[in-house]
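# Survey of secondary and tertiary structure
Here is how the chains run, residue by residue.
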Amino acid sequence: MSDGIIAETITITDHNGDAIEAYFARPIDGNAQPSVVVLHHMPGYDRSSKEIVRTFAVYGYATVMPNLHHRYAPGARASDAAAAAREAGGVPDEQCVGDFEGAARMLRARTEGNGRVGVIGYCSGGRQSVLAACHLDVDAAVDCYGAFVTGTPPEGFPIPSNLVDQLPDLRCPLLGLFGNEDKYPTPEHVDELEAILAGHGKTYEIHRYDDAGHAFFAVDRPSYRVAAANDGWERIAAFFARYLNES
């Protein structure tokens, strides 16, 4: 099998039939491909997020990233659409779950797929990854420093609430990757998440990195931390291989 991929902008439909933009990348060769949905960070559906989608495709995963900000500014630059979404109060949880559902449905319908779908999110997308895994059938979920899975959002913050009351409904194994220098989520927030997961008998892995704060995967930002990001990518690859590569 080659490592060649195809990447393109497509349109998907959510559970209500709304059409939204999405970025789709998949291997050129191979059947029984596992699938991943990427939920982008709060800055939006941008170049760096699309690079993550292509990376998963090179690893052998059919991968789609819905533009969660599409409705607020169709066709606009990622930064402008993200600003419009923040001004509107952020992406409602129900809407995000519907967009994820549409992406997962499209992936599962592919004849090249093996029927297994994982989800990964960064920043606000990390929280939304956990949210989706609490409401829909997912085979594996990854939370990369998602703020307010636990903890209380400040007034005016474009995240509606934490997910403490929903965590008992988590439907799949969860991998969480966090920086010990992060303010949202703090190490105490991560402690609370781990205690809830353990208390409800969930399957999970939590890893924390010293000298790393928020967005340590972001290669184009000062927050990037090489050691934490490299270790994180290895853990993500192993986690998805364990839960998504079965047919």
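To be clear, the structure that these remarks concern was listed above.
Everything in this summary refers to the structure shown in the same document. (Residues numbered from 1 in each chain as written. Predicted model: local features only at pLDDT ≥ 70, side-chain atom pairs only at ≥ 80, totals over all residues. Heavy atoms only, no water.)

## Quick word on helix 6 (residues 226-244)
In this model, helix 6 (19 residues) spans 26 Å end to end at C-alpha, consistent with the 27 Å of a helix rising 1.5 Å per residue. Among the residues of helix 6, those classed as buried are Ala228, Ala229, Gly232, Trp233, Ile236, Phe239, Phe240 and Leu244. In an axial view of helix 6, the angular spread of the buried residues amounts to 135°, which keeps them on one side of the axis. Facing away from the buried surface of helix 6 by more than 90 degrees, the exposed residues are Ala227 and Glu234. (Helix = DSSP H or I, 4+ residues; strand = E, 2+ residues; numbered from the N terminus. Expected span 1.5 Å × (residues − 1). Buried < 20%, exposed > 50% of the residue type's maximum accessible area, 1.4 Å probe, protein only. Arc of directions from axis to C-beta.)

## Re the pattern of salt bridges
Pairing is possible between side chains of opposite charge, provided their charged atoms come close. One pass over the full model with this rule turns up 16 salt bridges. Close ionic contact of Arg71 with Asp18 constitutes a salt bridge, the shortest N to O distance being 3.9 Å. You can see Arg71 sitting in the loop between strand 4 (62-66) and helix 2 (78-87) and its partner Asp18 sitting in the loop between strand 1 (5-13) and strand 2 (19-27), a full 53 residues away along the chain. For Asp18, a relative accessible area of 35% gives the class partly exposed. For Asp139, the salt bridge identified is with Arg116, shortest N-O distance 3.5 Å. Of this pair, Asp139 sits in the loop between helix 4 (124-135) and strand 6 (140-144) while Arg116 is found in strand 5 (residues 113-122), placing the two residues 23 residues apart along the sequence. Overall, the relative accessible area of 22% leaves Asp139 in the partly exposed class. (Salt bridge = Lys/Arg side-chain N within 4 Å of Asp/Glu carboxyl O.)

## Looking at unusual backbone geometry
For the bond from Tyr184 to Pro185, the omega torsion is 10°, close enough to zero to count as cis. Position of Pro185 relative to the elements: it lies in the loop between strand 7 (174-179) and helix 5 (187-199). Its identity as a non-glycine residue notwithstanding, Ala32 has a phi of 55°, on the positive side. Relative to the helices and strands, Ala32 resides in the loop between strand 2 and strand 3 (33-39). The residue Ala215 is not glycine, and still its phi comes out positive at about 60°. One can find Ala215 in the loop between strand 8 (204-209) and helix 6. By relative accessible area, Ala215 is classed as buried at 4%.

## What about the packing of helix 3 (residues 93-108) against helix 4?
One can describe the packing of helix 3 onto helix 4 by two numbers: an axis separation of 10 Å at closest approach and a directional angle of 75°. One element, helix 3, and the other, helix 4, form an angle in the roughly perpendicular class. Each of Asp93, Cys96, Val97 and Phe100 in helix 3 lies in contact with helix 4, whose residues at this interface are Arg127, Gln128, Leu131, Ala132 and His135. Along the lines of polarity and charge, the residues of the contact of helix 3 with helix 4 split into 5 nonpolar, 2 polar and 2 charged. (Axes fitted to C-alpha atoms, helices over the stretch in contact; angles between N-to-C directions. Parallel < 35°, antiparallel > 145°, perpendicular 65-115°, else oblique. Contact = heavy atoms within 4.5 Å. Nonpolar A, V, L, I, M, F, W, Y, C, P; charged D, E, K, R; others polar.)

## Some words on the packing of aromatic side chains
For the structure shown, the criterion picks out 17 aromatic pairs. Their ring planes at 65° and their centres at 5.1 Å tell us that Tyr145 and Phe216 sit as a pair that is edge-to-face. In this pair, Tyr145 sits in the loop between strand 6 and strand 7 while Phe216 sits in the loop between strand 8 and helix 6, placing the two residues 71 residues apart along the sequence. Between Phe157 and Tyr184 the ring centres are 5.9 Å apart and the planes differ by 45°, which places this aromatic pair in the tilted class. Of this pair, Phe157 sits in the loop between strand 6 and strand 7 while Tyr184 sits in the loop between strand 7 and helix 5, placing them 27 residues apart in sequence. The rings of Phe56, Tyr59, Tyr61, Tyr122, Tyr145, Tyr209, Phe216, Phe217, Trp233, Phe239, Phe240 and Tyr243 are connected pair by pair, giving a single aromatic cluster. Positioned above the aromatic ring of Tyr23 is the side chain of Lys50, whose terminal nitrogen or guanidinium carbon lies 5.4 Å from the ring centre. (Phe/Tyr/Trp six-rings, centres within 6.5 Å; stacked < 30°, edge-to-face > 60°. Lys NZ or Arg CZ within 6 Å of the ring centre and 35° of its normal.)

Note that every value here comes from positions in space, so none of it alone points to a role or purpose.
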